[in-house]
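Below are the chains, spelled out letter by letter.
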Number of protein chains: 2
Amino acid sequence: SVRNLGLEKIANTVKFPCKFAQSGCTLSFHHYEKVEHEDACEFRPYLCPCPGASCKWQGNLNEVMHHLMKIHKSITTLQGEDIVFLATDINLPGAVDWVMMQSCFNFHFMLVLEKQEKFEHGQQIFYAVVQLIGTKKEAEMFSYRLELSSHRRRLCWEATPRSIHEGIAHAISQSDCLSFDTPTAQLFAENGNLGINVTISLN
Amino acid sequence: SVRNLGLEKIANTVKFPCKFAQSGCTLSFHHYEKVEHEDACEFRPYLCPCPGASCKWQGNLNEVMHHLMKIHKSITTLQGEDIVFLATDINLPGAVDWVMMQSCFNFHFMLVLEKQEKFEHGQQIFYAVVQLIGTKKEAEMFSYRLELSSHRRRLCWEATPRSIHEGIAHAISQSDCLSFDTPTAQLFAENGNLGINVTISLN
Ligand SMILES: [Zn+2]
Ligand SMILES: [Zn+2]
Ligand SMILES: [Zn+2]
Ligand SMILES: [Zn+2]
């Protein structure tokens, strides 16, 4: 392959508009910066925040709640800063997601508990994380706290909610969330159900 | 194999003294209860509480601290209810134990961070737990809290300390302790060192 250095030089000096220009982004980039920007561009459409990636919906931030209420009707919503996210039948085999919504501070948060099967040995790991139906900037105004408790034991995790624009897949793959294995889950479960105390606070 | 039902019947009625009778136990048991008692018998000798099982010392509770100070001189001791257990070089390959002592409320506690290699995939899991140099009854008077914290993230675990008479192997195998994987450890480590805040309290 023969490199055309002249063309490469031109390409490196030309700026291209962001591919979300039609959605309102006015920025332009050298081709080598363009992909990185578009990943983080605030005009990139929002994907459906439901875990599992089976729903292909995408749209604007202000349409997300309408989409959830219309298409994902089975998701429960609780009001308040301090609620209990009850995951039932945590011993169900295979990979399972539990989802609920929490509304407080005039925002909506989606709580996700995901069980993954890891390794050949059938070990299961649970991941719990909170995402804001909002921008990354809005998410940074908040903290969330997840707590498992039982007689004389307590496990808790505090962090900044993810924005649904970033999604939770990366956080889960990096264990940047509350993660625990099946024996730990059993310490806190009652009759196969696991209650997670969720507290949202404004920084 | 022919069962001698007559002998079995006799055996089930006879009581045998606990094998720690010479150490002070005055109890007797049917043979089918004897092993379970002896596992929990308060007159059973204490084993060296250092993780790794390389030291074969055993003796009375009141000799344990002397043994640790004489044979395991390299273990650091900090005074106070609230200290930082600094584990250095957590990225060292293989299974590693970090150990230190904490003295408060006129008792000595041993803090253990253990890194295990799990599964063929080279995944590493860290387990942190606190054990009291004392009886199980004494341990139940206390709670311990382990906390990892960094900018806008916090992970904590609270539980009852183990007694060194029970040991920590069972707690670790059941994840009945603070457990986390390498990516989580990286979120809280600085320059390869992990600081764990340890707080002991009297119930
Ligand atoms: Zn853009
Ligand atoms: Zn959807
Ligand atoms: Zn006995
Ligand atoms: Zn020893």
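Residue positions are counted from 1 within each chain, in the order its sequence is given. Note on labels: chains are lettered from A, ligands numbered from 1, in written order. Local features in this predicted model are restricted to residues of pLDDT 70 or higher, and side-chain atom pairs are both shown and tallied only at a pLDDT of 80 or more, whereas totals for entire chains, interfaces and linings draw on every residue. Just so you know, side-chain values use all the structure's heavy atoms and leave hydrogens and water out.

Looking up chain A in an unreviewed UniProt entry gives the name E3 ubiquitin-protein ligase, with the organism given as Pristionchus pacificus.

A. Representation of the state of the cysteines in the model. Two cysteine sulfur atoms form a disulfide, by the criterion used here, when they sit within 2.5 Å. Under the criterion given, the structure shown has one disulfide over all chains. Residue pairing for cysteine 156 of chain A: its cysteine sulfur links by disulfide to cysteine 156 of chain B, the two sulfurs lying 2.4 Å apart. Classification of the bridge connecting cysteine 156 of chain A and cysteine 156 of chain B rests on its S-S torsion, roughly 45°, and on that basis the disulfide is right-handed. Of this pair, cysteine 156 of chain A sits in strand β11 (residues 153-159) while cysteine 156 of chain B sits in strand β11 (residues 153-159), each in a different chain. Starting at the N terminus, helices and strands are each numbered in turn, a helix being any DSSP run of H or I of at least four residues and a strand any DSSP run of E of at least two.

B. Geometry of the domain arrangement of chain A. Domain boundaries in chain A define domain 1 (5-40) and domain 2 (74-202). Note that the domain bounds reflect an automated or database-derived domain assignment. Computed from C-alpha coordinates alone, the two centres of domain 1 of chain A and domain 2 of chain A are separated by 37 Å.

C. Expanded view of the relation of the copies chain B and chain A. Copy-to-copy alignment: least squares on C-alpha atoms, limited to residues at pLDDT 70 or above in both. The two copies are related by a screw operation: chain B maps onto chain A through 180° of rotation and 0.1 Å of translation along the axis, at an RMSD of 0.1 Å. Viewed as a symmetry operation, the transformation between the two copies matches a two-fold axis. Relative to the rotation axis, the closest C-alpha in chain B is found at cysteine 156 of chain B, a distance of 2.6 Å. The overlap is high: 100% of the interface residues of chain B also sit at the interface in chain A, so the same surface is used on both sides. Note on contacts: a residue pair qualifies if any of its non-hydrogen atoms lie within 4.5 Å across the two residues.

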